[in-house]
Amino acid sequence: MSKFAKKRGKADPSISTASLPDIIFMLLFFFMVVTKMRDSELKVSVVTPFATELTKLEEKSLVNTIYIGRPSEKYKPVFGTKPRIQLNDKFARYGAEEADIRLFIEQFRTKVPESRRPQITSSLRVDGSVTMGVVADTKTALRKSGQLKVNYSAKRRPN
Amino acid sequence: MAKSKSKGRAKNEINASSMADIAFLLLIFFLVTTTIVEDKGITVKLPPWSDEKPDITQLKSRNVYSVLVNAQNQLLVRGQPMGIRELRANAKEFISNPTQRPDYAEKPTMAIISLKNDRGTNYRTYLEVYNELKGAYNELWNELSLRKYGVPYDEDKLPLAYRKAIKAEIPMVLSEAEPTAFGEEK
């Protein structure tokens, strides 16, 4: 006369996993959308400074990145410790930085449809410890190639 | 004589149980390669390059807010040494000039900020100074926006017409001079 007698039509206790692939796919698509593949290995060490008045760069396809910093440990024996400019996955040639930057900008422009070219932004990811000399030269090169929209990359200052 | 269906015939279904594994594999790949670093920073518009020497127009000195940064990362603001913490409030007061001081800007539209640094200035300091100056303008825009429209200034949410009206009243004019080369890194 047990109250807790087993029910006859007891359901199978296993959880249905039929929807698992869907959940995984959902996650997959999320990550596919937010992923930005780092197309170039970082050869200079860059720690961007802190700032408060930040704007977000919206469209990744319209952003090209110029890295400026001291060569990382691996490249120090060859490239020294003076700040260098990295474009794509190469160092800009020493003494011909301006020509290289102009070429880099020109090459990026050809990949963007003409109507969108004015919206191209150059993101300068510059190490905080670098002096302004190399940055000023980069700015001059950018101005000469008509790339005037520039974003100084920075991190939000924690309060 | 029609062939009778074989009894043990397999069902016409693709086994989907490995789908989850495939999806997992892809998921893990994207998890590993993902760098959700949003690119954020201070956006500036550089002046176009011209080979000609800029013609020097004489500005009234009361309208010019000169900020010099030397190779030792020290600030000289309108001839006075200043700490970086005071810069924002000071710049705000200069631009808006609420007390109508005769040595501050006549009106916000006439104020010009002139920034000059050395080739030996630290980039961190330079960006900090730039950040403070931009911050001064952002705060002024915000105050004006609250006063005029009752909403805070927001680059994305505020209608374009409002933003234009605000920028017309307080335009941000920041001119950067060619840096000096006293403390260039050797």
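Procedures and definitions
Residues numbered from 1 in each chain as written. Chains lettered and ligands numbered in written order. Predicted model: local features only at pLDDT ≥ 70, side-chain atom pairs only at ≥ 80, totals over all residues. Heavy atoms only, no water. Contact = heavy atoms within 4.5 Å. Buried area = accessible area lost by both parts, 1.4 Å probe. Salt bridge = Lys/Arg side-chain N within 4 Å of Asp/Glu carboxyl O. Polar contact = N/O pair within 3.5 Å; in protein donor to acceptor, adjacent residues only side chain to side chain. Helix = DSSP H or I, 4+ residues; strand = E, 2+ residues; numbered from the N terminus. Pairing = 2+ DSSP bridges. Phe/Tyr/Trp six-rings, centres within 6.5 Å; stacked < 30°, edge-to-face > 60°. Buried < 20%, exposed > 50% of the residue type's maximum accessible area, 1.4 Å probe, protein only. Lys NZ or Arg CZ within 6 Å of the ring centre and 35° of its normal. pLDDT = per-residue confidence, 0-100. Patch = residues over 30% accessible without salt bridge, like charges linked within 9 Å, V, L, I, M, F, W, Y side chains within 5 Å. Areas by Shrake-Rupley, 256 points an atom, 1.4 Å probe, with all protein chains shown as cover. Core = buried A, V, L, I, M, F, W, Y, C linked by side-chain atoms within 4.5 Å.

J.: Just to check I follow, could you spell out the interface of chain A and chain B for this structure?
T.: One frequent convention defines the size of an interface as the accessible area lost when the parts assemble. Contacts between chain A and chain B engage 52 residues on the former and 48 residues on the latter. When the buried area of chain A at its contact with chain B is split by residue, A:Glu53, A:Arg143 and A:Tyr152 rank highest and sum to 16% of it. The interface formed by chain A and chain B includes four salt bridges. One salt bridge connects A:Asp137 with B:Arg119, and the closest N-O pair in it is separated by 2.9 Å. Remark: the boundary between chain A and chain B carries 27 residue pairs in polar contact (both at pLDDT 80 or more). With ten residues, helix α4 (residues 132-144) of chain A is the largest single contributor of residues to the side of chain A that touches chain B. Direction of pairing for strand β3 (residues 55-56) of chain A relative to strand β1 (residues 40-45) of chain B: antiparallel, over a ladder of two bridges. Each residue of the ladder has a partner; that of A:Thr55, found in β1(B), is B:Gly41.

J.: How should I be thinking about the packing of aromatic side chains in this particular structure?
T.: Inspection of every chain in the model, using the stated rule, returns 14 aromatic pairs over all chains. Here B:Tyr149 and B:Tyr162 contribute two aromatic rings whose centre-to-centre distance is 3.9 Å and whose plane-to-plane angle is 5°, an arrangement assigned as stacked. Here the residue B:Tyr149 occupies a position in helix α3 (residues 123-149), and B:Tyr162 occupies one in helix α4 (residues 160-169), the gap between them amounting to 13 residues. Judged by its relative accessible area of 25%, B:Tyr149 is partly exposed. You can call B:Tyr162 partly exposed: its relative accessible area is 34%. Members of the aromatic cluster, connected to one another through ring pairs, are A:Tyr152, B:Tyr123, B:Tyr126 and B:Tyr130. Above the face of the A:Phe50 ring, A:Lys155 is positioned so that its terminal group lies 5.2 Å from the ring centre. Positioned above the aromatic ring of B:Tyr104, the side-chain terminus of B:Arg101 is 4.3 Å from the ring centre.

J.: I keep staring at the pattern of salt bridges and nothing clicks. Help me out?
T.: Should their charged atoms come close, side chains of opposite charge can pair. Counted according to the given criterion, the structure contains 18 salt bridges over all chains. One salt bridge connects A:Asp100 with A:Arg93, and the closest N-O pair in it is separated by 2.7 Å. Salt-bridge contacts for B:Asp39 lead to A:Arg125; the nearest nitrogen and oxygen are separated by 2.8 Å. Here B:Asp39, found in the loop between α1 (19-33) and β1, pairs with A:Arg125, found in strand β7 (residues 121-126), and the two come from separate chains.

J.: Quick question: what am I supposed to make of the confidence of the model for chain A here?
T.: Interpretation of this model should avoid reading the predicted coordinates in detail wherever pLDDT is low. Confidence in the prediction for chain A averages 85 pLDDT; 90% of positions are at 70 or higher. Considering each helix and strand of chain A separately, the mean pLDDT is smallest for helix α1 (residues 20-34) of chain A, with a value of 80, and largest for strand β8 (residues 149-153) of chain A, with 93.

J.: Honestly, a nonpolar patch on the surface in this entry has me stumped. Any pointers?
T.: A cluster of nonpolar side chains, A:Leu20, A:Ile23, A:Leu27, B:Phe24, B:Ile28, B:Leu31 and B:Val32, forms an exposed patch at the surface whose accessible area comes to about 600 Å². Broken down by secondary-structure element, the contributors of at least two residues to the nonpolar patch are α1 of chain A together with α1 of chain B. Checked against the element boundaries, A:Ile23 lands in helix α1.

J.: Help me understand the nonpolar core, please; the structure alone is not making it clear to me.
T.: Inside soluble globular proteins, nonpolar side chains tend to come together where they are buried. Grouped together as the largest cluster of nonpolar side chains are 56 residues, with contacts concentrated most on A:Ile66, B:Tyr65 and B:Leu133. With eleven residues, the top contributor of residues to this core is α3(B). Aside from chain neighbours lying at most four places away, what touches B:Leu133 is B:Tyr65, B:Val67, B:Leu87, B:Ala91, B:Ile113 and B:Leu174.

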